[in-house]
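Residue-level structural notes
Okay, here's what each chain looks like letter by letter:
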Amino acid sequence: MARAYIGLGSNLGDRGAALQSALDLLGDDVVAASSLRETDPVGYLDQPRFLNAAAALETGLEPRALLDRLLEVERELGRTRDGPRFGPRTIDLDLLLYADRVIDEPGLVVPHPRLAERRFVLEPLAELDPDLVVPGLGRVSDLLARLL
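So, how was this worked out
- Residues numbered from 1 in each chain as written.
- Predicted model: local features only at pLDDT ≥ 70, side-chain atom pairs only at ≥ 80, totals over all residues.
- Heavy atoms only, no water.
- Axes fitted to C-alpha atoms, helices over the stretch in contact; angles between N-to-C directions.
- Helix = DSSP H or I, 4+ residues; strand = E, 2+ residues; numbered from the N terminus.
- Parallel < 35°, antiparallel > 145°, perpendicular 65-115°, else oblique.
- Left-handed = near helix turned anticlockwise from the far one by under 90°.
- Contact = heavy atoms within 4.5 Å.
- Buried < 20%, exposed > 50% of the residue type's maximum accessible area, 1.4 Å probe, protein only.
- Core = buried A, V, L, I, M, F, W, Y, C linked by side-chain atoms within 4.5 Å.
- 1 Å grid on protein atoms, 1.4 Å probe; cavity = no way out; pocket = protein on both sides within 12 Å on 5 of 7 lines; lining within 4 Å.
- Points joined across faces, edges and corners; volume = space filled by probe spheres on them.
- Nonpolar A, V, L, I, M, F, W, Y, C, P; charged D, E, K, R; others polar.
- Salt bridge = Lys/Arg side-chain N within 4 Å of Asp/Glu carboxyl O.

For the pair helix H3 (residues 119-128) and helix H4 (residues 140-147), interaxial distance at closest approach is 9 Å and the crossing angle is 140°. When the interaxial angle is binned, H3 and H4 end up oblique. Here the hand of the crossing between H3 and H4 comes out left-handed. Residue-level contacts link Arg-119, Leu-122, Glu-123, Leu-125 and Ala-126 of H3 to Val-140, Leu-143, Leu-144 and Leu-147 of H4.

Below, the structure written as structure tokens:
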């Protein structure tokens, strides 16, 4: 079993219900979830505010299989990818960290490439574990302090 961290976000429909449904679909793998945070959009600004959170998973899936599972959950919850990049979405699940692994292959980069730039990712991770280390970047709490 490996500890992985995912980011969750939604800015369409009942955002809180979408996040909860995603956690429910991930089932017993979810060992902890952060509180929810309302955040401004990044990248594509002309859209509703997001509700964001993070969750810790204990999983027997390898990273690629876990990413496939996250994409499957997104599809089950009505996620489509026909709008603009970083545009509005019913649900967004990102694989942020997978144990202490560094992965860079087509379609899968771990740690998430923009993790250290995004307060809406670092704050919930710090809530779950302020001493969590992002491979190659340092402790989540230190990364967050640089953004404040």
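This next bit is on the environment of Arg-146. For Arg-146, the position within the fold is in helix H4. Its relative accessible area of 61% is what places Arg-146 among the exposed residues. Here the alpha-carbon distance between Arg-146 and Ala-54, two residues 92 residues apart in the chain, equals 20 Å.

What follows covers unusual backbone geometry. Val-110 connects to Pro-111 through a cis peptide bond whose omega is 0°. Its location among the elements puts Pro-111 in the loop between strand S7 (108-110) and H3. Backbone geometry at Ala-99 places phi at a positive 50°, although glycine is not the residue there.

Bringing the nonpolar core into the picture now. Residues Ile-6, Leu-8, Leu-66, Leu-70, Leu-93 and Leu-95 are the most contacted members of the largest nonpolar core, which totals 24 residues. Broken down by secondary-structure element, the contributors of at least two residues to this core are strand S1 (2-10), helix H1 (15-26), strand S4 (50-59), helix H2 (63-76), strand S5 (92-98) and S7. Top element by residues in this core is H1. It accounts for 5 residues. Not counting residues up to four positions away in its chain, the partners in contact with Leu-95 are Ala-4, Tyr-5, Ile-6, Pro-63, Leu-66, Leu-70, Leu-108, Val-110 and His-112. One finds Leu-97, Leu-122, Val-134 and Leu-143 within the second-largest nonpolar core, a separate group that totals 15 residues.

Here the focus is the layout of surface pockets. Considered as a void within the structure, the largest pocket measures approximately 1,000 Å³ in volume. Lining the largest pocket are 44 residues, and of these Arg-79, Arg-81, Arg-89, Asp-92 and Asp-94 lie nearest its centre. A total of 5 residues in the lining of the largest pocket trace back to one element, the largest contributor, which is S5. In terms of residue class, the lining of the largest pocket is built from 22 nonpolar, 11 polar and 11 charged.

Within this structure, the stated rule accounts for 16 salt bridges. The partner of Arg-79 in a salt bridge is Glu-74, with the nearest N and O atoms 3.4 Å apart. Here the two residues Arg-79 and Glu-74 agree in accessibility, since each one is buried. Among the ionic contacts, a cluster of salt bridges with common partners joins Arg-15, Glu-38, Asp-40 and Arg-49.

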